[in-house]
Amino acid sequence: MAFFDKVKQGLDAASKKTSEVIETTKINSSIRGEKDAIEEVFRQIGKTTFEQYVATGSGNEEYLGFFQTILGHQAKVAELELKLDELKNVKDCPNCHAEQPREVLFCSKCGYRFEAPQTPPPSEE
Ligand SMILES: [Zn+2]
């Protein structure tokens, strides 16, 4: 066999290998896409089930532990957000959720009247 025939065979094999790799990558990517879609539906089922529990106060007993876990995390998030607001010296309007300076009495966005003036921040002077 001529030298160039051998080279050509090698190139054909390499090319076949390359298209196999490309096809494998494409299929793996499609599988990942399908699995992600399944996970998203699972997530939606969980979210819907939790929202029904919050709205009605009742739900499948098997899930009550999960619901309590979520409620615990939500409480922690609220606590941390409050801490952030304190750090940034702001408060959230309970009506429109706009971030407002701590000292204002009325929301500049919706006009909501805040309950009572909050303690002023420590002076930097
Ligand atoms: Zn507001």
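Predicted model only: the values in this text are computed from it and were never measured.

A. Structural detail: the overall build of the chain. For the chain, the count of helices and strands is two helices and two strands. The helix and strand sequence of the chain, counted from the amino end, reads α-α-β-β. Against the globule reference of 14 Å for 125 residues, the chain gives a C-alpha radius of gyration of 30 Å, more extended than a compact globule. Across its three principal directions, the C-alpha atoms of the chain cover 95 × 50 × 25 Å.

B. Region of interest: the domain arrangement of the chain. With domains assigned, the chain is organised as domain 1 (3-88) and domain 2 (89-119). The straight-line distance from the C-alpha centre of domain 1 to that of domain 2 is 38 Å.

C. Representation of helix α2 (residues 64-88) within the structure. Helix length check: α2, at 25 residues, gives a terminal C-alpha distance of 36 Å against a target of 36 Å (1.5 Å per residue), a fit within 8%. Counted residue by residue, α2 has zero buried out of 25 residues, so it is predominantly exposed. Residue N89 follows α2 closely and has a positive phi angle near 60°.

Parameters at a glance
- Residues numbered from 1 in each chain as written.
- Predicted model: local features only at pLDDT ≥ 70, side-chain atom pairs only at ≥ 80, totals over all residues.
- Helix = DSSP H or I, 4+ residues; strand = E, 2+ residues; numbered from the N terminus.
- Rg over C-alpha atoms; globule rule 2.2 N^0.38 Å.
- Domains from an automatic or database assignment.
- Expected span 1.5 Å × (residues − 1).
- Buried ≥ 20, exposed ≤ 12 C-beta atoms within 10 Å, placed from the backbone.

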